[in-house]
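# Survey of secondary and tertiary structure
Read off the chains here:
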Amino acid sequence: LDAWGWRVYVLLCSSPGILVGVLRSFTEESPHFLASKGRGDEALQVLERVAKGNGEQALARFVAASAGVSVSSDAIRGTTGLQDLIGVFKHPELRPRILMMSCSWFALSFGFYGFSVWG
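The text that follows walks through the structure, step by step, so that each part is easy to find. (Residues numbered from 1 in each chain as written. Predicted model: local features only at pLDDT ≥ 70, side-chain atom pairs only at ≥ 80, totals over all residues. Heavy atoms only, no water.)

## Some words on helix α3 (residues 40-53)
Look at α3: 20 Å from first C-alpha to last across 14 residues, which is about the 20 Å you get at 1.5 Å a residue. Looking only at α3, the buried set comprises Gly 40, Ala 43, Leu 44, Val 46 and Ala 51. Projected down its long axis, α3 shows its buried positions confined to an angular sector of 160°, all on one face. Opposite the buried face of α3, by more than 90 degrees, sit the exposed residues Asp 41, Lys 52 and Gly 53. Just downstream of α3 lies Gly 55, where phi reads positive at about 75°. (Helix = DSSP H or I, 4+ residues; strand = E, 2+ residues; numbered from the N terminus. Expected span 1.5 Å × (residues − 1). Buried < 20%, exposed > 50% of the residue type's maximum accessible area, 1.4 Å probe, protein only. Arc of directions from axis to C-beta.)

## Side note on the pattern of salt bridges
Evaluated as defined, the whole model comprises two salt bridges. The partner of Glu 28 in a salt bridge is Arg 49, and the shortest N-O contact between them spans 2.3 Å. With Glu 28 in the loop between α1 (5-24) and α2 (31-36) and Arg 49 in helix α3, this residue pair connects regions lying 21 residues apart in the sequence. Judged by its relative accessible area of 43%, Glu 28 is partly exposed. In this structure, Glu 42 and Arg 39 form a salt bridge, with 2.9 Å as the shortest nitrogen-oxygen distance. On the basis of relative accessibility, which here comes to 35%, the residue Glu 42 falls in the partly exposed class. (Salt bridge = Lys/Arg side-chain N within 4 Å of Asp/Glu carboxyl O.)

## Focus on the packing of aromatic side chains
Under the criterion given, the structure shown has one aromatic pair. Relative to Phe 110, the ring of Phe 106 lies with its centre 5.8 Å away and its plane at 25°, an arrangement referred to as stacked. Pair noted here: Phe 106 and Phe 110 are both in helix α7 (residues 94-118), with a separation of four residues, about one helical turn. Owing to a relative accessible area of 52%, Phe 106 belongs among the exposed residues under this scheme. (Phe/Tyr/Trp six-rings, centres within 6.5 Å; stacked < 30°, edge-to-face > 60°.)

Below, the structure written as structure tokens:
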């Protein structure tokens, strides 16, 4: 086990990343991305599948988007990443979520790197 110990550890640690890579190949593009690239029909199909899975119906505004109504995206509007980040902190529902995720990320990273350096 001593000769294989670090190999097993690396394999176990990398297995979630490998799993995500495999599962990502089966994941569809987001409807927002598809619509922003002019692929409104595909975006509507994705929304309909998701809505059907949730027992809902696709919203009429997305039907209009697939019928040729212009759909704006962040790239088309010209907003920057900083403006989007500031917008997240201004949103009353997203602010506590992003702060909690940031605190969790910091604590996990601090703990992981702290223990790896200490041990």
